[in-house]
Amino acid sequence: MRILMVCLGNICRSPLAEGVMKHKVKEHGLNWQVDSAGTGNWHAGDLPDKRSIALGRKYGIDITDQRARQVKSSDFSEFDVIYAMDKSNLRNLQNLATTDHDRLKVRLMMSETNEHLQEVPDPYYDDNGFDQVYQMLNRACDAAINRLKNE
Ligand code: 4NP
């Protein structure tokens, strides 16, 4: 399984999503590939936001090897599932997809849980929003692994 986590900047939410998912994939002994990207390119090459790095560290997850990059069209052939953190990311990804097959790879991250219409909120302007982001990603990644493992 090849999973891509996508948000706007690829510095706050999706790097954490990548870190959380990689951690769980390893715990499950799965040989899955996990990466992340942003729909925007303003932060390309940057480290994750220091608040995301700190939060990952709090839960034993090191994300400092990550560097931001923008989503590219080849991602649709490189990945099996592409998770959008919010509905704006979802729309942008659906617009980038060129075939129905590729469009079907794109899902809202929280659609894996029973909070399926929820968005992972952008915490960029809210220092207090990061822990909630981690908790949501933790639930969503557990649910995603359970579903994808049985596919
Ligand atoms: P992210 O958060 O999409 O979770 O990485 C953001 C990071 C940067 C910006 C917006 C959201 N920005 O406007 O630069």
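It should be noted that the structure appears before, not after, this text.
These remarks concern the structure in this document.

1. Let's talk about the site of the ligand
- C7, L8, G9, N10, I11, C12, R13, H43, D122 and Y124 make up every residue found near the ligand.
- Measuring from an oxygen atom of the ligand, one finds a side-chain N or O atom of D122 at 3.4 Å.
- Here the ligand has 350 Å² of accessible area as a free molecule, and 89% of this is covered by the chains.
- The class makeup of the residues in the shell around the ligand is five nonpolar, three polar and two charged.

2. Side note on the sheet that holds strand β3 (residues 81-84)
- Pairing is parallel across the open sheet formed by four strands, whose spatial order is β2-β1-β3-β4. With one partner strand each, in any of the chains shown, β2 (33-38) and β4 (106-108) form the two edges of the open sheet. Recorded for the sheet is a direction-independent mean angle of 25 degrees between the axes of neighbouring strands.
- Taken strand by strand, helix α1 (residues 13-27) contacts β1 (2-7) and β2, and its axis lies near 175 degrees from that of β2.
- Helix α6 (residues 130-149) contacts β1, β3 and β4 of the sheet and is inclined by roughly 160 degrees relative to β3.

3. Structural notes on the pairing of β3
- On β3, burial covers both faces: V81 and Y83 on one face and I82 and A84 on the other are all buried.
- When β3 meets β4, the two strands line up parallel, connected through three bridges. In the strand pairing of β4, I82 is matched with V106.

Reading the values: the criteria
- Residue positions are given per chain, counting from 1 as you read along its sequence in written order.
- Selection of residues for local features in this predicted model requires a pLDDT of at least 70, selection of side-chain atom pairs for listing and counting requires 80 or more, and totals for whole chains, interfaces and linings are taken over all residues.
- Excluded from the side-chain calculations are hydrogens and water; all other atoms, namely the structure's heavy atoms, are used.
- Near is defined per residue: the residue qualifies when any heavy atom it owns lies within 4 Å of the molecule or strand.
- Polar contact criterion, stated in full: a pair of N or O atoms within 3.5 Å, where within protein one must be able to donate a hydrogen and the other to accept it, and residues adjacent in sequence count only if both atoms are side-chain atoms.
- Surface accessibility in these figures is a Shrake-Rupley result with a 1.4 Å probe; residues are shielded only by whichever protein chains are displayed.
- For this classification, Asp, Glu, Lys and Arg are treated as charged, while Ala, Val, Leu, Ile, Met, Phe, Trp, Tyr, Cys and Pro are nonpolar and the rest, including Gly, are polar.
- The criterion for strand pairing is that DSSP finds at least two bridges linking the strands in question.
- Helix and strand labels come from DSSP, where a helix needs a run of H or I of at least four residues and a strand needs a run of E of at least two; each type is numbered from the N terminus.
- Angles shown run from 0 to 180 degrees and are taken between the N-to-C directions of axes, each axis being a line fitted to C-alpha atoms and, for helices, limited to the stretch in contact.
- The contact criterion used is simple: two residues touch if any of their non-hydrogen atoms lie within 4.5 Å.
- Only protein chains enter the accessibility calculation, which uses a 1.4 Å probe; a residue is then buried when its area is under 20% of its type maximum, exposed when over 50%, and partly exposed in between.

These figures capture arrangement, not role.
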